[in-house]
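# Remarks on the overall topology
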Amino acid sequence: MLTCFTSNTKHSTPIALIIQKNFSAWLKKQNSFTKKYLESTRFRGEAGNVALLPNSSGKISQIICCISDINNFWSVGSLSLTLPEGVYHFDSDFDESDLQRFYMAWGLGAYQFMRYKKANRKPAQLSLPKKHNEIINIVESIYFVRDLINIPTDDMGPSELADAATKLAKQFRAQIKHIVGENLLKQNYPLIYAVGRASDDAPRLIDLRWGNKKHPRITLVGKGVCFDTGGLDIKPSFAMLLMKKDMAGGAHALGLARMIMQAKLPVCLRVLVPAVENAIAGNAFRPGDVINSRKGLTVEIGNTDAEGRLVLADALTEAASEKPELIIDLSTLTGAARVAVGTEISALFCNKDEIANEVLLHSEKQNDPMWRMPLFAPYRDSLNSSIADINNAGSDSYAGAITAALFLKEFITDDIPWMHFDMMAWNLKSRAGRPQGGEAMALRALFSYLQEKFNVT
Ligand code: BES
Ligand code: ZN
Ligand code: ZN
């Protein structure tokens, strides 16, 4: 299915992966043609340098790719769409476990979003040894997440997001249930209903289950706001422009579920995605309204643009009711998290230090940046309401990512290990292996953590 890999090894061109500091030693061992060619083209073997070496008949015989260090697998991330079409293979003495991530970077860099426009070219193909087939799962799952985010809301509203989840469930023989429209009220999801009721595409809760009930239970919850206008507290146009991506948390939850199911991780998985559109119409929820929550806490609406925490609150209440071993929620929750750590780092909040520390180690190893932020209890005061149990927006504009996380914390219980991710899920510009547009963030680190923690084999 992935056109950037092949099992074919015939007539393939080697790509020599050379760590910068080893370049001069490597050069000494080459024949005089290679030495002269690299010298005459002023190739210095610095990190990021790539050379296409010809043979005497003028055809490419070898690719030289210089990298800063063994962990910088992104160095090969742009090769699949810059090298001429054809078949290549890695020529390197790296450990297989390190090399694995170079294959992954090649795959991630070959992504092209082609739903509305033809691609200019096909990716070059890398010969993938069987023992590295595992990375196909990661690459395909990340393509799946990117596609869901990139598809505009007109083709990826709540019903289409639900269809994508149903298709995924069928593919992996998972069970799936959707609670749609007024059934949300009947089944006590009042916040999800309130946020999504003004849209022509009815709000819904996607509920997927997979795996053996005897295995440890993991529940993933993803913010599925298919478009965020801000509601009656309407966003200015520059802030609304990218808001088709506000369902990225839902896409991430489904993408991580895909990785888990494909790898047959011995866990009992549940995925909850409240899928809504935060639209504007006569029946939209309003600033000042007080809405009951699934948990029973009344919520005063300080701002209709703080809708993500509302839909997540009802979903988290349901997630926590089963007391799973771990709850992970994923969301594009606040602009404040972007002010705090920028667009490339995901903000992590966690109520258990040990788990947070383990996940951070995987974040580093996988080059999947995240930073832990505090669930600083004294800031809970800013969510106080004089007429309801809690307000959905802080009373001042400080520490918005923390107050959003503290809002969510009200809806779980402290005995359940919980991680909350507030992420950008979008590359503003293209970088090697990470094309501009929708992006899976924190997922490689999380999957690596879950594999280590739960894969007993
Ligand atoms: N979806 C936005 C947050 C967002 C904005 C994420 C830009 C990534 C990039 C969210 O629903 C929102 O609008 N949050 C408000 C909350 C505020 C009104 C309390 C925000 O962050 O400004
Ligand atoms: Zn919003
Ligand atoms: Zn939002």
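Structural data are supplied above this passage.
Reference entry: report on the structure contained in this document.

Conventions and cut-offs
- Residues numbered from 1 in each chain as written.
- Chains lettered and ligands numbered in written order.
- Predicted model: local features only at pLDDT ≥ 70, side-chain atom pairs only at ≥ 80, totals over all residues.
- Heavy atoms only, no water.
- Donors = N, O, S within 2.8 Å, 3.2 Å for Na, K, Ca; no water.
- Buried < 20%, exposed > 50% of the residue type's maximum accessible area, 1.4 Å probe, protein only.
- Near = heavy atom within 4 Å.
- Polar contact = N/O pair within 3.5 Å; in protein donor to acceptor, adjacent residues only side chain to side chain.
- Areas by Shrake-Rupley, 256 points an atom, 1.4 Å probe, with all protein chains shown as cover.
- Tetrahedral: all angles 85-135°; square planar, octahedral: opposite > 155°, others 65-115°.
- Axes fitted to C-alpha atoms, helices over the stretch in contact; angles between N-to-C directions.
- Helix = DSSP H or I, 4+ residues; strand = E, 2+ residues; numbered from the N terminus.
- Parallel < 35°, antiparallel > 145°, perpendicular 65-115°, else oblique.
- Left-handed = near helix turned anticlockwise from the far one by under 90°.
- Contact = heavy atoms within 4.5 Å.
- Nonpolar A, V, L, I, M, F, W, Y, C, P; charged D, E, K, R; others polar.
- Pairing = 2+ DSSP bridges.
- Core = buried A, V, L, I, M, F, W, Y, C linked by side-chain atoms within 4.5 Å.

### Things to note about the coordination of the zinc ion (ligand 2)
Ligation of the zinc ion (ligand 2) by protein atoms is provided by D228 (OD), D305 (O), D305 (OD) and E307 (OE), these donors lying 2.0 to 2.2 Å from the ion. Binding-site remark: the zinc ion (ligand 2) is held by donors from one chain whose sequence spacing is D-x76-D-x1-E. Under the relative-accessibility criterion, D228 is labelled buried at 3%. Taking relative accessible area as the criterion, E307 reaches 0% and is therefore assigned buried.

### Remarks on the site of ligand 1
Neighbouring ligand 1 are 15 residues, the closest being D228, K235, D305, E307 and G335. Between K223 and ligand 1, the recorded distance is 3.2 Å, taken from a side-chain N or O atom to an oxygen atom. Between ligand 1 and E307 there is a distance of 2.9 Å, counted from an oxygen atom to a side-chain nitrogen or oxygen. Notes on ligand 1: free accessible area 520 Å², of which the protein chains cover 78%.

### Thoughts on the coordination of the zinc ion (ligand 3)
Within the protein, K223 (NZ), D228 (OD), D246 (OD) and E307 (OE) serve as the donor atoms for the zinc ion (ligand 3), at 2.0 to 2.4 Å. For the zinc ion (ligand 3), the 6 donor atoms in the first shell make angles of 78 to 174° at the metal, a pattern classed as octahedral. Each donor residue of the zinc ion (ligand 3) belongs to the same chain, with the gaps between them written as K-x4-D-x17-D-x60-E. The metal-metal distance between the zinc ion (ligand 3) and the zinc ion (ligand 2) is 3.2 Å, with D228 serving as a donor to both. With a relative accessible area of 2%, K223 lands in the buried category.

### A short note on the packing of helix α10 (residues 308-321) against helix α13 (residues 400-409)
The N-to-C vectors of α10 and α13 enclose an angle of 30°; their axes lie 9 Å apart at closest approach. Taken together, the axes of α10 and α13 lie roughly parallel to each other. Between α10 and α13 lies a crossing of right-handed hand. Along its contact with α10, which presents R309, L310, L312, A313 and L316, the element α13 presents A404, F407 and L408. Residues that form the contact of α10 with α13 fall into these classes: 7 nonpolar, no polar and 1 charged.

### A look at the side chain of T403
Mapped onto the elements of the fold, T403 is located in helix α13. In this view, T403 contacts Y379, S382 and L383; residues no more than four positions away in its chain are not counted.

### Quick word on the sheet that holds strand β3 (residues 50-54)
Spatially, the 6 strands line up as an open sheet ordered β1-β6-β5-β2-β4-β3, and their pairing is mixed. Two strands bound the open sheet, and with one partner strand each, they are β1 (5-6) and β3. Packed onto the sheet, helix α3 (residues 96-109) meets β1, β2 (13-19), β4 (60-67), β5 (87-91) and β6 (125-127) and runs at close to 155° relative to β5.

### Considering the nonpolar core
What tends to happen in soluble globular proteins is that the nonpolar side chains get buried as a cluster. Counting 95 residues, the largest nonpolar core has I15, W106, M419 and F421 as the members making the most contacts within it. Setting aside anything within four residues of it in sequence, one finds M419 in contact with L326, I327, I328, D329, L348, F349, C350, I355, V359, L446 and Y449. Membership of the second largest hydrophobic core comes to 46 residues, among which are L310, L312, A313 and A315.

### What to know about the environment of F94
With respect to the element layout, F94 can be found in the loop between β5 and α3. Counting along the chain gives 112 residues from F94 to I206, while the straight-line C-alpha distance between them is 43 Å. Setting aside residues no more than four positions away along its own chain, F94 makes contact with L17, I19, I67, I70, L99 and F102.

### Focus on the pairing of β2
Across the 7 residues that make up β2, a large majority, 7, are buried. Because side chains alternate across β2, one face comprises the buried residues T13, I15, L17 and I19, and the other comprises P14, A16 and I18, equally buried. When β2 meets β5, the two strands line up parallel, connected through 4 bridges. Each residue of the ladder has a partner; that of I15, found in β5, is F90. Bridging between β2 and β4 involves 5 bridges; their strand directions are parallel. When the bridges of β4 are listed, I18 appears paired with C66.

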